[in-house]
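Fold and contact review
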Amino acid sequence: MSDIAGFLVCAALVIFSGIRLSFHGDRIAELTGLGKAWIGLVMMASITSLPELISGISSVAIVKEPDLAAGDIFGSCVFNLLILSLVDARLHKPITSLVKTGHVIAGFFGVILVTVSAIAIVVAPQTPVVGWVSAFSIAIVFIYFIAVYGLFKYEQSQTTEAENAAVENKAAGLKRSLFIYGINAMVVVGAALFLPYFGERIANNLGLTTSFFGTLFLAATTSLPELVVSFASLRLGSFDMAVGNLLGSNIFNIFILALDDAFYVEGSLFANISSSHLVSAMAVIMMTAVVGLGIAAKPQRKAWLFGLDSLTILLIYVALMVYLFFSR
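Quantities reported herein were computed from a predicted structural model and do not represent experimental measurements.

1. Thoughts on unusual backbone geometry
The backbone phi angle of Lys-298 is positive, close to 50°, even though this residue is not glycine. In this fold, Lys-298 is placed in the loop between helix 12 (277-297) and helix 13 (308-326). On the accessibility criterion, Lys-298 (24% relative accessible area) is partly exposed.

2. Describing the environment of Ala-296
By the element assignment, Ala-296 lies in helix 12. Sequence separation between Ala-296 and His-103 is 193 residues, and the spatial gap between their C-alpha atoms is 9.4 Å.

3. Here we look at the nonpolar core
The nonpolar side chains of soluble globular proteins are, as a tendency, buried together. Of all hydrophobic cores here, the largest spans 64 residues; its most connected members are Ile-95, Ile-254 and Phe-270. Mapped by element, the contributors of at least two residues to this core are helix 3 (50-61), helix 4 (66-88), helix 5 (103-122), helix 6 (135-158), helix 11 (239-263), helix 12 and helix 13. Here this core takes twelve residues from helix 4, the largest share from any one element. In this view, Ile-254 contacts Ile-73, Phe-74, Cys-77, Leu-113, Val-114, Ser-117 and Ile-140; residues no more than four positions away in its chain are not counted. Within the second largest apolar cluster, 13 residues are counted, among which are Ile-28, Leu-174, Tyr-181 and Ala-185.

4. Observations concerning the packing of helix 4 against helix 13
Helix-helix packing is characterised by the crossing angle of the two axes and by the distance between the axes. Two numbers describe how helix 4 lies on helix 13: the axes approach to 9 Å, and their chain directions differ by 140°. Here helix 4 is positioned oblique relative to helix 13, judged by the angle of their axes. For the pair helix 4 and helix 13, the sense of crossing is left-handed. Counted together, Val-78, Phe-79, Leu-81, Leu-82, Ser-85 and Asp-88 of helix 4 and Ser-310, Ile-313, Leu-314, Tyr-317 and Leu-320 of helix 13 form the full contact between these two elements. Across the contact of helix 4 with helix 13, the residue classes tally to eight nonpolar, two polar and one charged.

5. Remarks on the pattern of salt bridges
Pairing of side chains with opposite charge becomes possible as their charged atoms draw close. According to the stated counting rule, one finds two salt bridges in the structure shown. Between Glu-266 and Lys-64 there is a salt bridge; the shortest N-O distance is 3.4 Å. Of this pair, Glu-266 sits in the loop between helix 11 and helix 12 while Lys-64 sits in the loop between helix 3 and helix 4, and the two are 202 residues apart along the sequence. Residue classification places Glu-266 among the exposed residues on the basis of a relative accessible area of 52%. The salt bridge involving Lys-302 is made with Asp-88; its shortest N-O contact spans 3.8 Å. Of this pair, Lys-302 sits in the loop between helix 12 and helix 13 while Asp-88 sits in helix 4, and the two are 214 residues apart along the sequence.

6. Regarding helix 12
A rise of 1.5 Å per residue sets the reference length of helix 12, with its 21 residues, at 30 Å; its end C-alpha atoms lie 30 Å apart and thus fit the reference within 8%. Once helix 12 finishes, Lys-298 follows within two positions and takes phi at roughly 50°, a positive value.

7. A word on the packing of aromatic side chains
Aromatic ring pairs are defined here through the distance separating the ring centres and the angle between the ring planes. All told, the structure shown has six aromatic pairs when counted by the stated rule. For the ring pair Tyr-144 and Phe-252, a centre distance of 5.9 Å and an interplane angle of 65° mean the geometry is edge-to-face. Of this pair, Tyr-144 sits in helix 6 while Phe-252 sits in helix 11; the two residues are 108 residues apart in sequence, bridging distant segments of the chain. Each of the two residues, Tyr-144 as well as Phe-252, counts as buried. When the ring of Tyr-144 is compared with that of Phe-255, the centres are 4.4 Å apart and the planes differ by 20°; the resulting orientation is stacked. Taken together, the residues span a long stretch of sequence, with Tyr-144 in helix 6 and Phe-255 in helix 11 at a distance of 111 residues.

Conventions used here
Residues numbered from 1 in each chain as written. Predicted model: local features only at pLDDT ≥ 70, side-chain atom pairs only at ≥ 80, totals over all residues. Heavy atoms only, no water. Helix = DSSP H or I, 4+ residues; strand = E, 2+ residues; numbered from the N terminus. Buried < 20%, exposed > 50% of the residue type's maximum accessible area, 1.4 Å probe, protein only. Core = buried A, V, L, I, M, F, W, Y, C linked by side-chain atoms within 4.5 Å. Contact = heavy atoms within 4.5 Å. Axes fitted to C-alpha atoms, helices over the stretch in contact; angles between N-to-C directions. Parallel < 35°, antiparallel > 145°, perpendicular 65-115°, else oblique. Left-handed = near helix turned anticlockwise from the far one by under 90°. Nonpolar A, V, L, I, M, F, W, Y, C, P; charged D, E, K, R; others polar. Salt bridge = Lys/Arg side-chain N within 4 Å of Asp/Glu carboxyl O. Expected span 1.5 Å × (residues − 1). Phe/Tyr/Trp six-rings, centres within 6.5 Å; stacked < 30°, edge-to-face > 60°.

Right, dumping it as structure tokens:
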């Protein structure tokens, strides 16, 4: 009962501060003119993905369970895209029809990074290492910073002169939003860091295996900040912030996988994780491709609660969980 109580307290703190984090993240995007897609990719994603970072480092450096870290990363990527479907179910029109086409860029970079990590698993025995770090991890870090810079330049090119003038007149409001954003970011991070601890204890009592637990339960637990921020952004009508955070979190998650490799001193992380994670990686690629197609096509109607794209994402997620459960 104490584990459940601890989990609920942490979740409540994440929800409370996550809502405020989303509001002021939206304000910062407006006041700086950086763009909601870029703020979602960098500022929001880096904060909401910190539980995956801490959980991954703990898994490889302390527990010595690289499969747990990989399961959390790929599982979180899958769960983030599932959140997109859940957000879509709350809207009258498909969410992919309400956001900027620029999100396709983040989606493309996400697919590239997941593909690189999948290739790293397949060819791990033949991959050169720097110390114990795989050459693919170095490539992932390089691609991540290209993604951040590329999306920043795209967002800047979309900013009008009128928006730039508005930014100059709101410096005082920006300072206040940055301060409140920082306070709530610390609360979200502090509470979210304990979520995996309580979640792991609860899941272990249910008798779940490490691989299945990492991909399903731990991933869902560490993705709670993304869930809260996405629905808070939805309430604000900031659809670009919600989508930018989810796609950005997936990019940041693969970046975390490269960092986990640096902390796993037993050897290359990719050479010591199960090839079963390739199935999750393929699911992430398919789901991201569906999101990209939806953003490009911008469907205007829904068949029921979900648009065709978000329904496809939901079905892929369910199929993956069924596969992982029966292949434990």
